[in-house]
Amino acid sequence: MTAAPGPPRAPERSARPPRFLPLGDSGLVAEYGGDEISDEANDAVRALRHVLEQHLPAGTVESVPTYRSLLLVYDPQRTTAAEIRAAVAAAAAAADPGRVPQGRLIEIPVAYGGVHGPDLPGLAAEVGLQESDVVALHAGREYRVYMLGFSPGFPYMGTLAPALRVPRLASPRTRVPERTVALAGQQTGVYPIESPGGWRLIGRTPLRIYAPERTAPFLLDAGDRARFVPISAGQYEREAPADAQAPPTVAVGRPDLVAEEGGLFTTVQDLGRPGYRRFGLPQGGAMDPLALRLANQLLGNPPGAAALEFAAPGPRLAAVRRTVMVVTGADLSPTVNGRPAPMWTAFEVREGDVLAFGAPRAGQWGYLALPGGVDVPVALGSRATYTRAALGGYGGRRLQRADRIAALRRAPAVRLALAAPLWPRVGGACELRVVLGPQEGYFAEDATPVLAREAYRIGMEIDRFGYRLEGPRLMHRAGVELLSDGLLPGAIQVPAGGQPIVIMADGPTAGGYPKIGAIVRPDLRGLAQAGRSDEVRFRVVVWERAHEAAREEAAYLASLRFERAG
């Protein structure tokens, strides 16, 4: 691998200002160009990002560059859509692609064909070339890294020589090995982690594109340039890391609890790890952040302290010493030694006591908080588990039998209870405020009235990545795919079938389906906790007032009065 500066570029100001489009109550999309890959549009995105990095607008959390747009993620408690829009408009007026430093040049060694590139022979036959010609064409040019997304560190690079432009596979593979080099359409890229994928697999690199333990976890960034260098299969074998690496052992302090059963989907979660979306790593964190915050508040923990998040059937946890805990969120019939355990209140367990869960009564996601938070290593600034990249929590996986759970403190700072009339609503029918855009223009005229008028229900496909809804179809006016652009939790994507999919906490950072709107973040917990028989309705709110939702939630938290737990 080498990195070198590029030659200076002549000044070249962007002539056309961006379009400003909303993404819920915490995202602004500055969009250039049309629905095709364009170096000019991408240059404008890089120039705007360059200016904003020098002087980030107040309230900005992070920025996500894509092919033709820059997503600014902001905190609606600290700023408004109008203020962010004005700041970005001023930055866009000052942006000059000619003043942006050229990205690093990264050489990526590749063993082409054979077991590492199983699609190379078929691709060569399809385009009427020899395999060696395909390799020469692929390795014979320099590629721009337009953006990262799909999975942590996945680089979308282009553009390919016209002779190599082939469609994706009709049926995507369920498993593509990490570090596989692939291509589709005008693009090429490298799969940083094992994942599904529909691109043509032509080789493999020994370089780790994503390594969370490194000081710089991601090999590439948007704006970099890359060149592929052919190497032999033997050289690959000498340089490549082992595929089946053992998951890291998570060392914790003296445990408070031991898992007798891990439950269906129990993970460690906090409020997530902001700041990495531009690399394809979502913020993640709790599906119901309000329930997590309140669980921590009842023990005097910091608001974002790590807790166990669980779904039904829940875990079975045995206490190995005396401690205090709080259960909030979904009511999954908690018991201690077979007797009902309280919710939304701190309670004590002694050595030998067993906390278990039964039939769900309300909600989908529950939380168990311990004094100081759950003690697992911090990974990229957070303890939150992101299973797709095996990051955080217990080696990036779900809780398993015999896992040891330790609290960061021996005793809680406080032991409080929240009276039942003050409990936040969990489960049941919900009305979700939604900001239309950024692509409502891609839909038929009746699509937004249908979204605002009709009821939907939770489909069978739901997880931490996305919730598929069932109800009236939202028909498209034009194409059903577009250049991938930024995503946030709450975004409502609509694929060809017309049934909406809502991006959730661990959902992708970019996607190529049109988004008719996005749910404001405080309301997303209502969807997360809704059951499959619960009715879901949408209420359209204007972008300029959407920040009020976050401020209302903050006011609710500030207004709560707690009691001492008995």
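Scroll up for the structure.
Described below are features of the structure shown in this document. (Residues numbered from 1 in each chain as written. Predicted model: local features only at pLDDT ≥ 70, side-chain atom pairs only at ≥ 80, totals over all residues. Heavy atoms only, no water.)

Regarding the overall build of the chain
Alright, step 1. Scanning the chain from N- to C-terminus turns up 9 helices and 35 strands.
Alright, step 2. Taken over C-alpha atoms, the radius of gyration comes to 25 Å for the chain, in line with the 24 Å a tight globule of 566 residues would show.
Alright, step 3. Principal-axis analysis of the C-alpha atoms places the extent of the chain at approximately 75 × 55 × 45 Å.
Alright, step 4. Each of the 566 residues in the chain was classed as buried or not, and the buried ones make up 57%.
Alright, step 5. Sequence-distant contacts in the chain: of pairs separated by 6 or more residues, those separated by 24 or more amount to 74%. (Helix = DSSP H or I, 4+ residues; strand = E, 2+ residues; numbered from the N terminus. Rg over C-alpha atoms; globule rule 2.2 N^0.38 Å. Buried < 20%, exposed > 50% of the residue type's maximum accessible area, 1.4 Å probe, protein only. Contact = heavy atoms within 4.5 Å.)

Points about the layout of surface pockets
Alright, step 1. Its volume calculated, the largest pocket comes out at about 1400 Å³.
Alright, step 2. Lining the largest pocket are 42 residues; nearest its centre among them are F150, R168, G511, G512 and Y513.
Alright, step 3. When residues of the lining of the largest pocket are traced back to their parent elements, those giving at least two are β10 (187-191), β11 (195-197), β27 (456-462), β28 (466-470), β31 (501-503) and β32 (510-511).
Alright, step 4. Class assignment of the residues belonging to the lining of the largest pocket gives a composition of 22 nonpolar, 11 polar and 9 charged. (1 Å grid on protein atoms, 1.4 Å probe; cavity = no way out; pocket = protein on both sides within 12 Å on 5 of 7 lines; lining within 4 Å. Points joined across faces, edges and corners; volume = space filled by probe spheres on them. Nonpolar A, V, L, I, M, F, W, Y, C, P; charged D, E, K, R; others polar.)

Let's talk about the pairing of strand β12 (residues 200-204)
Alright, step 1. Counting buried positions along β12 yields 5 of 5 residues, so the element is predominantly enclosed.
Alright, step 2. In the sheet, strand β5 (residues 105-112) pairs with β12 via 2 bridges, with the strands oriented antiparallel. Note that in β12 the partner of Y112 across the bridge is G203.
Alright, step 3. Sheet topology places strand β9 (residues 180-184) next to β12; 4 bridges connect them, and they run antiparallel. (Pairing = 2+ DSSP bridges.)

Notes on the nonpolar core
Alright, step 1. Core analysis: the biggest nonpolar cluster contains 80 residues, and L317, L368, V374, I405, L527 and F538 have the highest contact counts within it.
Alright, step 2. When near neighbours in sequence (up to four residues on either side) are disregarded, L368 contacts L257, A307, L308, F310, L317, M325, V326, V327 and L355.
Alright, step 3. In this structure, V135, Y143, I209 and L391 belong to the second largest nonpolar core, which totals 38 residues. (Core = buried A, V, L, I, M, F, W, Y, C linked by side-chain atoms within 4.5 Å.)

A closer look at the sheet that holds strand β6 (residues 143-148)
Alright, step 1. Spatial ordering of the closed barrel is given by β5-β12-β9-β10-β7-β6-β13, a layout of 7 strands whose pairing is mixed. Shown here is a sheet whose adjacent strand axes are inclined to one another by a mean of 40 degrees, direction ignored.
Alright, step 2. Sheet topology places β5 next to strand β13 (residues 225-231); 7 bridges connect them, and they run parallel. Within β13, the residue paired with A111 across the bridge is I231. (Axes fitted to C-alpha atoms, helices over the stretch in contact; angles between N-to-C directions.)

Here's the deal with unusual backbone geometry
Alright, step 1. Residue T159 is bonded to the preceding G158 through a cis peptide linkage, with omega at 0 degrees.
Alright, step 2. For T159, the position within the fold is in the loop between β7 (155-158) and β8 (173-176).
Alright, step 3. A cis amide bond, omega 10 degrees, links G437 with the succeeding residue P438.
Alright, step 4. If you trace the backbone, P438 turns up in the loop between β26 (430-436) and α7 (447-453).

Concerning the packing of aromatic side chains
Alright, step 1. As enumerated under the stated definition, the model contains 17 aromatic pairs in all.
Alright, step 2. Among the aromatic residues, those joined into a ring-pair cluster are Y67, Y146, F150, F154, Y156, Y191 and W199.
Alright, step 3. The ring of F465 has R388 sitting right over it, with the charged end atom 4.0 Å from the ring centre. (Phe/Tyr/Trp six-rings, centres within 6.5 Å; stacked < 30°, edge-to-face > 60°. Lys NZ or Arg CZ within 6 Å of the ring centre and 35° of its normal.)

A short note on the sheet that holds strand β34 (residues 535-540)
One key point about sheets: their strands pair by backbone hydrogen bonds, in either a parallel or an antiparallel sense.
Alright, step 1. One closed barrel accounts for 7 strands, arranged β26-β33-β30-β31-β28-β27-β34; its pairing is mixed. Adjacent strand axes in the sheet meet at a mean angle of 40 degrees when their direction is disregarded.
Alright, step 2. When β27 meets β34, the two strands line up antiparallel, connected through 2 bridges. For Y456, the partnering residue across the bridge sits in β34 and is V536.
Alright, step 3. Lying on the sheet, helix α8 (residues 521-529) is in contact with β26, β27, β28, β31, β33 (515-519) and β34; it crosses β26 at an angle near 135 degrees.

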